[in-house]
Amino acid sequence: MNTFIRAALIRALRTVAQTAVATIGTSAVMSAVDWKMVLSASVLAGILSILTSIATGLPEVDGSQVEDGHP
């Protein structure tokens, strides 16, 4: 798999997970979670992450990271 695609998908998956956790956390109890909203917001965040990666590039692929792994 292309390095860029792999890195973009990993970022998108992390974004999806973070959005799901944040959206679920807005409910007082688990029975009050609006699962359709969680899914919708998470998928949208993943799509936006991929589009952002395409538009701006990825430092880990572009080689602009320093040796300790931070930009």
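Residues numbered from 1 in each chain as written. Predicted model: local features only at pLDDT ≥ 70, side-chain atom pairs only at ≥ 80, totals over all residues. Heavy atoms only, no water.

## A look at the confidence of the model for the protein
Part 1 of the argument: Chain-level statistics for the protein give a pLDDT mean of 87 and a share of 86% at 70 or above.
Part 2 of the argument: Here helix α3 (residues 59-62) is the element of the protein with the lowest mean pLDDT, 82, and helix α2 (residues 35-56) is the one with the highest, 96.
Part 3 of the argument: Low pLDDT (under 50) marks residues 65-71, which in the prediction has five contacts with non-local residues, meaning those over four places away or in another chain. (pLDDT = per-residue confidence, 0-100. Helix = DSSP H or I, 4+ residues; strand = E, 2+ residues; numbered from the N terminus. Contact = heavy atoms within 4.5 Å.)

## Points about the pattern of salt bridges
Part 1 of the argument: Scanning the model with the defined rule gives one salt bridge in all.
Part 2 of the argument: Residue E60 pairs with R11 through a salt bridge whose shortest N-O separation is 3.0 Å. Remark: R11 occurs in helix α1 (residues 3-24) and E60 occurs in helix α3; sequence separation between them is 49 residues.
Part 3 of the argument: Judged by relative accessible area, which is 33%, R11 ranks as partly exposed. (Salt bridge = Lys/Arg side-chain N within 4 Å of Asp/Glu carboxyl O. Buried < 20%, exposed > 50% of the residue type's maximum accessible area, 1.4 Å probe, protein only.)

## Comments concerning the environment of D34
Part 1 of the argument: For D34, the location among the structural elements is in the loop between α1 and α2.
Part 2 of the argument: Considered as a pair, D34 and I24 are 10 residues apart in the sequence and their alpha carbons are 8.0 Å apart.

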